[in-house]
Amino acid sequence: MKVLVAVKRVVDYNVKVRAKADGSDVDLNNVKMAINPFCEIAVEEAVRLKEAGIATEVIAVSVGDKSCQEQIRTSLALGADRGIQVETGGSVEPLVVAKLLKGVIDKEQPQLVILGKQSIDGDNNQTGQMLGALANMGQGTFASEVVVEDGHVNVTREIDGGLQTVRLTLPAIVTTDLRLNEPRYASLPNIMKAKKKQLDVYTPDDLGVAVTSHLTQVKVEPPAERKAGIKVADVDELVDKLKNEAKVIS
Amino acid sequence: MSTLVIAEHDNSTLKVSTLNTVAAAQAMGADIDILVAGANCGAVATAAAAVLGVGKVLVADNAAYEHQLAENISLLVAEVGAGYDNILAPATPNCKNFLPRVAALLDVAQISDITSVESADTFQRPIYAGNVIATVQSADAKKVITVRTTAYDAAPGEGGSATIESLDAVHDAGLSSFVREEVAVSDRPELTSASVVISGGRGMQNGENFKLLDGIADKLGAAIGASRAAVDAGFVPNDMQVGQTGKIVAPDLYIAVGISGAIQHLAGMKDSKVIVAINKDEDAPIFQVADYGLVADLFEALPELEAKL
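In short, a report on the structure.

About the thresholds
Residues numbered from 1 in each chain as written. Chains lettered and ligands numbered in written order. Predicted model: local features only at pLDDT ≥ 70, side-chain atom pairs only at ≥ 80, totals over all residues. Heavy atoms only, no water. Pairing = 2+ DSSP bridges. Helix = DSSP H or I, 4+ residues; strand = E, 2+ residues; numbered from the N terminus. Axes fitted to C-alpha atoms, helices over the stretch in contact; angles between N-to-C directions. Phe/Tyr/Trp six-rings, centres within 6.5 Å; stacked < 30°, edge-to-face > 60°. Lys NZ or Arg CZ within 6 Å of the ring centre and 35° of its normal. Buried < 20%, exposed > 50% of the residue type's maximum accessible area, 1.4 Å probe, protein only. Contact = heavy atoms within 4.5 Å. Buried area = accessible area lost by both parts, 1.4 Å probe. Salt bridge = Lys/Arg side-chain N within 4 Å of Asp/Glu carboxyl O. Polar contact = N/O pair within 3.5 Å; in protein donor to acceptor, adjacent residues only side chain to side chain. Nonpolar A, V, L, I, M, F, W, Y, C, P; charged D, E, K, R; others polar. Parallel < 35°, antiparallel > 145°, perpendicular 65-115°, else oblique. Left-handed = near helix turned anticlockwise from the far one by under 90°. Expected span 1.5 Å × (residues − 1).

1. What to know about the sheet that holds strand β10 (residues 172-176) of chain A
Item 1. Strands sit in the order β11(A)-β5(A)-β4(A)-β1(A)-β6(A)-β10(A)-β7(A)-β8(A)-β9(A)-β11(B) across an open sheet of ten strands; the sheet is mixed. The open sheet has two edge strands with one neighbour each: β11 (199-202) of chain A together with β11 (176-183) of chain B. For this sheet the average axis-to-axis angle between neighbouring strands, irrespective of direction, equals 30°.
Item 2. Examined bridge by bridge, strand β7 (residues 138-149) of chain A and strand β8 (residues 152-159) of chain A share six bridges and lie antiparallel to one another. Along β8 of chain A, the bridge assignment pairs Glu145 of chain A with Thr156 of chain A.

2. Things to note about the packing of aromatic side chains
Item 1. Inspection of every chain in the model, using the stated rule, returns zero aromatic pairs over all chains.
Item 2. Its end group placed over the ring of Phe142 of chain A, Lys117 of chain A keeps NZ or CZ at 5.7 Å from the ring centre.

3. Considerations on the side chain of His214 of chain A
Item 1. Structurally, His214 of chain A is set in the loop between β11 and β12 (215-221).
Item 2. When its relative accessible area of 10% is taken as the criterion, His214 of chain A is described as buried.

4. Re the interface of chain B and chain A
Item 1. Listed by partner, the interface residues are 83 residues for chain B and 78 residues for chain A.
Item 2. Of the roughly 6700 Å² buried where chain B meets chain A, counting both sides, 54% is carbon and sulfur surface.
Item 3. Linking chain B with chain A are four salt bridges.
Item 4. One can count 46 residue pairs in polar contact (both at pLDDT 80 or more) joining chain B with chain A.
Item 5. Its residues placed into classes, the side of chain B that touches chain A shows 42 nonpolar, 20 polar and 21 charged.
Item 6. Pairing of strand β13 (residues 230-232) of chain A with strand β16 (residues 292-295) of chain B, which is carried by three bridges, proceeds in the parallel orientation. Note on β16 of chain B: the bridge partner recorded for Lys231 of chain A is Gly293 of chain B.

5. Comments concerning the packing of helix α3 (residues 70-81) of chain B against helix α4 (residues 93-105) of chain B
Residue and element names in this part refer to chain B.
Item 1. Where α3 meets α4, the closest approach of the two axes is 8 Å, and the angle between their N-to-C directions is 50°. By the angle between their directions, the pair α3 and α4 is classed as oblique. In this structure, the crossing between α3 and α4 has a hand that is right-handed. Along its contact with α3, which presents Ala70, Glu71, Ile73, Ser74, Leu75, Val77 and Ala78, the element α4 presents Asn97, Phe98, Arg101, Val102 and Leu105.
Item 2. In terms of residue class, the contact of α3 with α4 is made up of eight nonpolar, two polar and two charged.

6. A short note on helix α3 (residues 94-108) of chain A
Residues and elements named next belong to chain A.
Item 1. Over its 15 residues, α3 runs 21 Å from end to end, which matches the ideal 21 Å to within 8%, given 1.5 Å per residue.
Item 2. Regarding α3, the residues found buried are Pro94, Leu95, Val96, Val97, Ala98, Leu100, Leu101, Gly103, Val104, Ile105 and Glu108.
Item 3. Positive backbone phi, at 50°, marks Gln109, one or two positions downstream of α3.

Here's what the structure looks like:
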């Protein structure tokens, strides 16, 4: 069984991003970039499926300009077998990413496609579900457990108040939540090996997809600041302030 | 202009997040209908018809929709939504699951988690864990939108008299089936709609110590949350997570206990009206957003607080 994993290059999760002074966009100059944390979990899950003898090949795909090859190489170092970059010259909307991934599915015919549930830059939480609709596949989003059986996959999902398990016909889409697994660290020998693994580059044309834009970012700005608060000396003062100043308890 | 609001419910009660979404729909200034998709969900339809400002409640009552399977619901919403200018749903785990499928079926973008309606085609939404607010303009004729429920006060759930219409169309994509659900039963309010939330972080040290929050939560009628660090460490389940990738809350009172205040956590709670932080590290970033900060060992402060409330 072939498994396709989508990975995205994003700002490292420790970076506090700011709007540019002119409000035109966020300031990403000299900012550390990394693989999106949920995508890393997706790669780990695919590699574990291979180690368990269920997956035969793991393909890591990323959509973006040439710099995203770095994140594909990271995925290869973690255990993916080969990589695909879809060259878009920059950031594109989730619907377009989903269409491009659908194009890759048509070429590669994977039985399982694993994506992160959301990327920590756009916070959209859309691509996996959109891909499900475009490819007419079932989806197990926000997954905390993935069990592949003959012709099916059972996905346990994080929902309000607990967990839900759904059974999907293969091929299917899975999007990862944070408790699915704990990604490994790439070893130095594997990082070296990853440099020699196959990485193909496709254009949207190769996949028969027109890159369209549905949304325009008019401006970006910092959120409203909270007024600085005070430190209270002890629990008595805290209770007093909550009762008599903030009036949020009685 | 017309807007279809997708109801969030559990087949027996209409969730308040639906009312927050109706309020956002009203901000867009369009005629509002509500779609209730479920099984044996008549009570939900009745409740939806009572929401003030709603014209029509469309009910798709069929076993195919009982568990809100995205593959089935999305086909229904795309079909019904074809006749509307806007499709709005609350940004709940359930609606986030199926609405992007609807957008893809209709070949339009989805605008996730809007916090403000600037005009009929322009909206604000937080990105990068809420460190930046983006204003986005849509070029699509049909807008598919999820609403950050904490950004809108609930529309009145009474006083309306919408007509109720049954939909016969049944969509079963045949791609998925429901196996089981394990939902914790709790007497506490839901995290996302509670007026008081008390959350624990890594400083709680283990899951057992979260019991220290119980007594305070009981006295305040609070929901209990957690930081991602506490979830990652396995102290508590993920549905308690408040933050960028968990739940977004904005209660009247938020008490952060043993939480350092990583940006991912702040993204989920910084719109709370009053924030209290209890942490023994006086340099913890949580104090920068707290209205009242108490530098103390939580194992001493919590029992004392419980006693004095």
